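An overview of the molecular structure
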Amino acid sequence: MIGVNKVILVGNVGKNPDVVTFPSEGSMPVKKASFPLATTEARRNRDNEKVEITEWHNVVCWRGLADVAERILHKGAQIYIEGRLQSRTWEDRDGNKRHVTEVVADSLILLNRQRNDDNQPVSNPLVDILNSDTEPIGDLPF
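Residues numbered from 1 in each chain as written. Predicted model: local features only at pLDDT ≥ 70, side-chain atom pairs only at ≥ 80, totals over all residues. Heavy atoms only, no water.

**Digging into the overall build of the protein**
Assigned secondary structure in the protein consists of two helices and eight strands. Walking the protein from its N terminus toward its C terminus, one meets helices and strands in the order β-β-β-β-α-β-β-β-β-α. Taken across its 142 residues, the protein has 25% of its residues classed as buried. The long-range share in the protein, meaning contacts at least 24 apart out of those at least 6 apart in sequence, stands at 55%. Entry remark: accessible area of the protein is about 10800 Å², with carbon and sulfur atoms responsible for 49%. (Helix = DSSP H or I, 4+ residues; strand = E, 2+ residues; numbered from the N terminus. Buried < 20%, exposed > 50% of the residue type's maximum accessible area, 1.4 Å probe, protein only. Contact = heavy atoms within 4.5 Å. Areas by Shrake-Rupley, 256 points an atom, 1.4 Å probe, with all protein chains shown as cover.)

Pasting the structure below:
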């Protein structure tokens, strides 16, 4: 059986990326950038009050994408990420077993509004749709 391991996230960068460069047996060293990403979902509770739920994700970018992340990402930036889940287990210095699940990014798109020469925000339709305060549609006929 064939499986699918695909993750798509839209959220805000929790802190500036941590970048590490590993020496490699070849011409170019390998770069890794990692950062937390917050995704927030708005729901209504039983009392019909709007409640926001935030999930934190560990994102890892390798090689060229790590270069891009290092150059353009900063705390608070809104981004679109596509990638896959990867889990790792290791033993720390104290002998404790540790486990982490990360999103290994394949692509990254910066969604923050860009500014023109007059320092006025340039409209980005995707950002406008993602930030709109819409309620989910009720019972659909299909």
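**So, helix H1 (residues 63–72)**
Among all positions of H1, only Leu65, Ala66 and Ala69 are buried. One side of H1 holds all its buried residues, which, seen down the axis, span an arc of 105°. Along H1, the residues that are exposed and aim more than 90 degrees away from the buried face are Arg63 and Arg71. Looking at the packing, one finds that the buried side of H1 touches strand S3 (30–44), strand S4 (50–62) and strand S6 (97–110). (Arc of directions from axis to C-beta.)

**Side note on the pairing of S6**
Two faces make up the sheet, and in a regular strand the side chains alternate between them. Relative to S6, S4 runs parallel, the two sharing three bridges. Bridge pairing in S6 links valine 59 to valine 103. Of the pairings in the sheet, the one linking strand S5 (residues 78–91) to S6 comprises 13 bridges and is antiparallel in character. Bridge pairing in S6 links glycine 83 to alanine 105. (Pairing = 2+ DSSP bridges.)

**Focus: the nonpolar core**
Of all hydrophobic cores here, the largest spans 18 residues; its most connected members are Phe35, Val59, Cys61 and Ile81. Contributions of two or more residues to this core are made by strand S1 (7–13), S3, S4, H1, S5 and S6. (Core = buried A, V, L, I, M, F, W, Y, C linked by side-chain atoms within 4.5 Å.)

**What about unusual backbone geometry?**
Located in the positive-phi region is asparagine 48, a residue other than glycine, with phi close to 65°. Of note, asparagine 48 is situated in the loop between S3 and S4. Phi is positive for arginine 63, which is not a glycine, with a value near 50°. Following the sequence through the fold, arginine 63 ends up in helix H1.

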